[in-house]
Amino acid sequence: QVQLVESGGGLVQAGGSLRLSCAASGLSFGSYRMGWYRQAPGTERELVARVGSGGSTYYAGSVKGRFTISRDNAKNTVHLQMNSLKPEDTAVYYCAAKAAARYGSGNDNDYWGQGTQVTVSS
């Protein structure tokens, strides 16, 4: 019974901040790459940031310098600190997990959360 549960979304004014959290259960958390994706209406889902099982991080160019991804293996959680938010950051944000042992098996993810809405007003 693997579960990824996102929280922390909401409505914020441009320039503000939000901190998203993803609580994972039912998997060996430390052995998974954790990522944050987002999808706005009428667009494809895109990778925002991810952190590997060894701690390496990746950020999309549109968020680099503004967002920070982190993980707490002791608490089985991954966070996305979102600063200097812009209206174009408005989307549903999803947490996803992929086993490190499957890194060579395409760019799919093993598990997905249900998403949390982030809305940034002008």
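Up top you'll find the structure we're talking about.
We now turn to the structure provided with this report. Here the residue numbering is sequential within each chain, running from 1 through the sequence in written order. Since the coordinates come from a predicted model, pLDDT governs what is reported: local features require at least 70, and pairs of side-chain atoms require 80 or more to be given and counted, while whole-chain, interface and lining totals use all residues. Heavy atoms throughout the structure, all of them, feed into the side-chain values; hydrogens and water do not.

1. Overview of the pairing of strand S1 (residues 3-7)
Only protein chains enter the area calculation, which uses a 1.4 Å probe; residues under 20% of their type maximum are buried, those over 50% are exposed, and those in between are partly exposed. Runs of H or I in DSSP of at least four residues are treated as helices and runs of E of at least two as strands, each being numbered from the N terminus. The alternating pattern of S1 places Leu4 and Glu6 on a buried face, while none of Gln3, Val5 and Ser7, on the opposite face, is buried. For two strands to pair, DSSP has to find at least two bridges joining them. When S1 meets strand S3 (residues 18-25), the two strands line up antiparallel, connected through five bridges. Directly across from Gln3, in S3, lies its bridge partner Ser25.

2. What to know about the state of the cysteines
When the sulfur atoms of two cysteines come within 2.5 Å, that pair is taken as a disulfide. Using the criterion set out here, one finds one disulfide in the structure. The residue that forms a disulfide with Cys22 is Cys95, at a sulfur-sulfur distance of 2.1 Å. In this structure, the disulfide formed by Cys22 and Cys95 twists by about -80° around the S-S bond and is classed as left-handed. Here Cys22 is found in strand S3, whereas its partner Cys95 is found in strand S9 (residues 91-99), with 73 residues between them in sequence. Cys95 matches Cys22 in its accessibility class, with the two residues each being buried.

3. As for the environment of Ser17
Its location among the elements puts Ser17 in the loop between strand S2 (10-13) and S3. Separated by 90 residues in the primary sequence, Ser17 and Asn107 place their C-alpha atoms 29 Å from one another.

4. Here we look at the packing of aromatic side chains
Centres within 6.5 Å are what make two rings of Phe, Tyr or Trp a pair, Trp counting through its six-membered ring; a difference in plane orientation under 30 degrees is then read as stacked, over 60 as edge-to-face, and the rest as tilted. Going through the model one piece at a time under the given rule, you end up with three aromatic pairs. With centroids separated by 6.2 Å and ring planes inclined at 45°, the aromatic side chains of Tyr32 and Tyr111 adopt a geometry described as tilted. Taken together, the residues span a long stretch of sequence, with Tyr32 in strand S4 (residues 32-39) and Tyr111 in strand S10 (residues 111-112) at a distance of 79 residues. Residue classification places Tyr111 among the partly exposed residues on the basis of a relative accessible area of 30%. Ring pairs connect the aromatic residues Tyr37, Tyr94 and Trp112, which therefore count as one cluster. The rule for a charge over a ring is simple: NZ of Lys or CZ of Arg within 6 Å of the ring centre, and within 35 degrees of the ring normal. Taking the ring centre of Tyr94 as reference, the NZ or CZ of Arg45 above it sits at 5.7 Å.

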